[in-house]
Amino acid sequence: DGRHKALALWRYDKGEANGAAFVYFGAEPMGAAGPDAQSVLGYALRVLDAFGWRWGPAHLEIMCTPEGPRLVEINAGRWNGLDFKLLADLCYGANAYDA
């Protein structure tokens, strides 16, 4: 079986604009050291296990709530729609291709 690797953690700013309900206003790379980040990362790995995802990339959207992290969606088989390789290289010094 494969081994999960969390390569990046991002905070998205989404909201309503121009009649659309889900407009991205920005994306911010986050560090993984704090307790909130560790909670989200642990939750994400448990979600991948629950879905039986063992190989290849996955992009999860998780919302932080007062009750803890909650899954919004999972895109197994691909990473997010941003230019992820370039952004990950610049922000983290590594990317999914190198993993």
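Remember, predicted model here, so these are calculated numbers, not experimental data.

(A) Molecular detail of the pattern of salt bridges. Summed over the entire model, instances satisfying the criterion amount to three salt bridges. For the salt bridge of R11 with E28, the shortest nitrogen-to-oxygen distance reads 3.5 Å. In this pair, R11 sits in strand β1 (residues 10-17) while E28 sits in strand β2 (residues 20-29), placing the two residues 17 residues apart along the sequence.

(B) Representation of the packing of aromatic side chains. Across all of its chains, the model carries one aromatic pair by this definition. Ring plane angle 75 degrees and centroid distance 5.3 Å describe the contact between Y12 and Y24, whose orientation is recorded as edge-to-face. Linking Y12 in strand β1 with Y24 in strand β2, this pair joins segments that are twelve residues apart in sequence.

(C) Layout of the pairing of β1. One ladder, built from seven bridges, connects β1 with β2; its direction is antiparallel. Of the residues in β2, the one forming a bridge with G15 is V23. Between β1 and β2, which follow one another and run antiparallel, lie two residues, and N18 among them has a positive phi close to 55 degrees.

(D) Seen up close, the side chain of N75. Locating N75 in the fold gives a position in strand β4 (residues 68-76). A distance of 2.9 Å separates polar atoms of two side chains, one belonging to N75 and the other to E73. Setting aside residues no more than four positions away along its own chain, N75 makes contact with P57, A58 and H59.

Conventions adopted
Residues numbered from 1 in each chain as written. Predicted model: local features only at pLDDT ≥ 70, side-chain atom pairs only at ≥ 80, totals over all residues. Heavy atoms only, no water. Salt bridge = Lys/Arg side-chain N within 4 Å of Asp/Glu carboxyl O. Helix = DSSP H or I, 4+ residues; strand = E, 2+ residues; numbered from the N terminus. Phe/Tyr/Trp six-rings, centres within 6.5 Å; stacked < 30°, edge-to-face > 60°. Pairing = 2+ DSSP bridges. Polar contact = N/O pair within 3.5 Å; in protein donor to acceptor, adjacent residues only side chain to side chain. Contact = heavy atoms within 4.5 Å.

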